[in-house]
Amino acid sequence: MTTMAMNGSKHVAGFGDRRAIEEFLIHEARMLDERRFEEWRDLFADDGHYWVPLKPDQASPDGESSLFYDDKAIMDTRFERLRHPNIHAQTPPHRTCHLVGNVSVQNVDSSRRECTVVSSMIMTDYRMRTQRLFSGRVEHRLRQDDTGYKIVLKRVDLINCDDVFELIAVPI
Amino acid sequence: MRYDPDHIRSLVHRDRIHRSLYLDPEIFDLEMQKIFGATWVYVGHDSLVPAPGDYVTTRIGSQPVVLSRHSDGEIYVIYNSCGHRGAIVCNEEKGNAALFRCCYHGWTFKTNGDLDAVAMPRGYGKEFNLNDPSLGMGRLPRVAVYRGFVFASLSPEGPSLEEHLGHAKDSIDELADRAPDGEIDLSAGVHKYMFRGNWKLQLENTVDMYHVPFSHESSVRRSGKQFSRRSGQESGSAISDRGSAAQRWEQRSAWGARSSGHSYNGHQPIAEELPDDPAFMAYFASLEARHGKERALDILKPKRHNTAFYPNMTLQALNQHVRVIVPVAVDRTEVHVYPIMLKGAPEEMNRGFVRHLNLTHSAASLIQTDDLECFRRCQSGLSARGSEWVWFARGVDTDREDERGDYVNQGTVEIQQRAQYAAWLRLMSAGA
């Protein structure tokens, strides 16, 4: 299956189709696991954000601290650093594996071609003889344009969002 | 005992310290008694407990404590332990309560730590004095607040907080004066990270100007400049070229107080243009209204880049935050980073401070992760027997004494760490 198909471009007629959206989420997670960060960034709409709150039920990323709150410009900075040959925190790099499940498509707005998708996520990461488990509830706000689905917001609510973390180098 | 004062003195020299300071659990236990159990330790900020009944839980060294605001409006620091069987009373990181109630047998305590009531009191004999203060949670012997910064000491005696802070106190003033209302606010959440290393690795690092071009090499973009670390700036500074940037590092002042262990680095001595966005203009107008133009401009002149208050708190002015170091074990440390909002400043400006700190100092940030990796590697490498020492010799021959009897130098020296270990030695070798 090609990337284009995974992006949902063949499902324009069936906007909000759960299967196509699930494929999109799986594809998105794979971009992270394969460290194809620039391609992951391109899945976001130009006004898109990636947000990992630090508090349960955090109301807003504005005026409150977050683990991640990246627009596309910040993503560029982050990924340029991840490509730097002397990034000590990723020498050696983390390996990650995402599992995406319990996908539920909600609030389908066919006229604006926008929907909200709620899923559960488990990410395992491994580096330097330490394996960690991150898990949480993920909300994707998606918008479909002529090239496929675009992420307007990816919000990851980790069950341990207010934990004390060892270093995290790549998006969850 | 293995660590008598003579032995302690043999571990700290003017230019180096023994590696056992990072590795030996006995030394860690002694630090909890003689440093965290004796001197003034930063506990929290009063903006975390604005209303009566508000509390936060934390630790002072090995001691679990509660910082609370009582119904009398005052700040209290009390042990987080039931006067009956010793259980932790306040089990959440923060909250609001009329009374603290122990889960085990239902004893209740006032929010200043005093015993409120004992469940089923008639079961106690006549000689059991329910008004005995030792049945409360217990207050720390000394608590003092300076411009909202709450410090406590487990020792009933010693220098006052102002004496202890000394010249480092000006760093708190410089920061709080930047708020149009004269107060800062730390209530925008907290970044918490952990590393498998000794607490002193973090303390040394917060005032280390030598590591920046190396540890943080990957934060320099292809343009040669670091990413923007301030709201409204297109890019950051050139932190690692070999010309003018290196020269600016050398021109920074460095100060260390060998008695208290506090230290700071000056700001780079270049004139920075003030921003001209609407939020900043509104901010400047309110500062000017309070202080007049001349004083407002002076307040905004960058003076100190970062300050480390021995043993557990640092202030940084660039990506403004309060950082609290919580030792857990000889090879394990937690760090809590609070973004600083300026009371009375436009909301948009404070939001910018909070947002930028996500990028520089969260556990997933572009700066702090480099340091965490270095700390981890230090702790792993320090057990190597190739050397007994860790060196802080940079600039040792050019330190000058200032009019206060503190030590000054400039640039990428290690005077800050030398001050920390002079204080370590003084506290750790003090009489039993």
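Residues numbered from 1 in each chain as written. Chains lettered and ligands numbered in written order. Predicted model: local features only at pLDDT ≥ 70, side-chain atom pairs only at ≥ 80, totals over all residues. Heavy atoms only, no water.

Visitor: Can you explain the interface of chain A and chain B? Please cite residues and give values.
Guide: Every contact between the two is made by 34 residues of chain A and, on the other side, 36 residues of chain B. Summing both sides of the interface, chain A and chain B together bury roughly 3,200 Å²; the carbon and sulfur share of this comes to 49%. On the chain A side of the interface with chain B, the three residues burying the most area are Glu80(A), Arg81(A) and His88(A), jointly 21% of the side's total. The shortest N-O distance in the salt bridge between Arg127(A) and Glu373(B) comes to 2.9 Å. The interface formed by chain A and chain B includes 20 residue pairs in polar contact (both at pLDDT 80 or more). For the side of chain A that touches chain B, the elements supplying multiple residues, two or more each, are β2 (66–70) and α4 (72–82) of chain A. (Contact = heavy atoms within 4.5 Å. Buried area = accessible area lost by both parts, 1.4 Å probe. Salt bridge = Lys/Arg side-chain N within 4 Å of Asp/Glu carboxyl O. Polar contact = N/O pair within 3.5 Å; in protein donor to acceptor, adjacent residues only side chain to side chain. Helix = DSSP H or I, 4+ residues; strand = E, 2+ residues; numbered from the N terminus.)

Visitor: So what about a nonpolar patch on the surface? Which residues, and what values?
Guide: Residue and element names in this part refer to chain A. A cluster of nonpolar side chains, namely Leu-99, Ile-122 and Leu-133, defines an oily patch on the protein surface of about 300 Å² accessible area. Following the sequence through the fold, Ile-122 ends up in strand β4 (residues 114–127). Given the relative accessible area of 36%, Ile-122 is considered partly exposed. (Patch = residues over 30% accessible without salt bridge, like charges linked within 9 Å, V, L, I, M, F, W, Y side chains within 5 Å. Areas by Shrake-Rupley, 256 points an atom, 1.4 Å probe, with all protein chains shown as cover. Buried < 20%, exposed > 50% of the residue type's maximum accessible area, 1.4 Å probe, protein only.)

Visitor: Talk me through the nonpolar core; I want residue IDs and the actual numbers.
Guide: Of all hydrophobic cores here, the largest spans 129 residues; its most connected members are Leu67(A), Leu158(A), Ile172(A) and Trp424(B). Residues within four places of Ile172(A) in sequence aside, it is in contact with Leu32(A), Tyr50(A), Leu67(A), Phe68(A), His98(A), Met121(A), Met123(A), Phe134(A), Lys154(A), Val156(A) and Leu158(A). Residues Val89(B), Cys102(B), Val118(B) and Met137(B) belong to the second largest nonpolar core, which totals 16 residues. (Core = buried A, V, L, I, M, F, W, Y, C linked by side-chain atoms within 4.5 Å.)

Visitor: Could you give an account of the pairing of strand β1 (residues 44–53) of chain A, with specific residues and numbers?
Guide: Residue and element names in this part refer to chain A. Taking burial as the measure, the 10 residues of β1 include 8 buried ones, the bulk of the element. Where β1 meets β2, 4 bridges bridge the pair, whose relative direction is antiparallel. Residue Tyr-50 lies in a different strand from β2, and its bridge partner there is Asp-70. (Pairing = 2+ DSSP bridges.)

Visitor: I'd like a rundown of helix α12 (residues 368–381) of chain B, residues and numbers included.
Guide: Taking 1.5 Å as the rise per residue, α12(B) with 14 residues should run 20 Å; its terminal C-alpha atoms sit 20 Å apart, in good agreement. Among all positions of α12(B), only Gln368(B), Thr369(B), Asp370(B), Asp371(B), Leu372(B), Glu373(B), Phe375(B), Arg376(B) and Gln379(B) are buried. (Expected span 1.5 Å × (residues − 1).)

Visitor: Go over the confidence of the model for chain B with me, naming the residues and quoting the values.
Guide: Any residue range with low pLDDT should be treated as having predicted coordinates unsuitable for detailed reading. The predicted model of chain B has a mean per-residue pLDDT of 92, with 93% of residues at 70 or higher. Across the whole predicted complex the pTM is 0.94, and at the interface the ipTM reaches 0.93. (pLDDT = per-residue confidence, 0-100.)

Visitor: Go over the packing of aromatic side chains with me, naming the residues and quoting the values.
Guide: Going through the model one piece at a time under the given rule, you end up with 20 aromatic pairs over all chains. When the ring of Tyr124(B) is compared with that of Phe128(B), the centres are 4.4 Å apart and the planes differ by 20 degrees; the resulting orientation is stacked. In this structure Phe128(B) comes out as partly exposed when scored by relative accessible area, which is 33%. Centroid distance Trp255(B) to Tyr264(B): 5.0 Å. Interplanar angle 20 degrees. Geometry classified as stacked. Like Tyr264(B), Trp255(B) is buried. An aromatic cluster of three or more residues is present, and its members are Phe37(A), Trp40(A), Phe44(A), Tyr50(A), Phe68(A) and Phe79(A). Against the face of Trp389(B) rests Arg16(B), its NZ or CZ located 4.6 Å from the ring centre. The ring of Tyr210(B) carries Arg394(B) above its face, with NZ or CZ at 4.0 Å from the centroid. (Phe/Tyr/Trp six-rings, centres within 6.5 Å; stacked < 30°, edge-to-face > 60°. Lys NZ or Arg CZ within 6 Å of the ring centre and 35° of its normal.)

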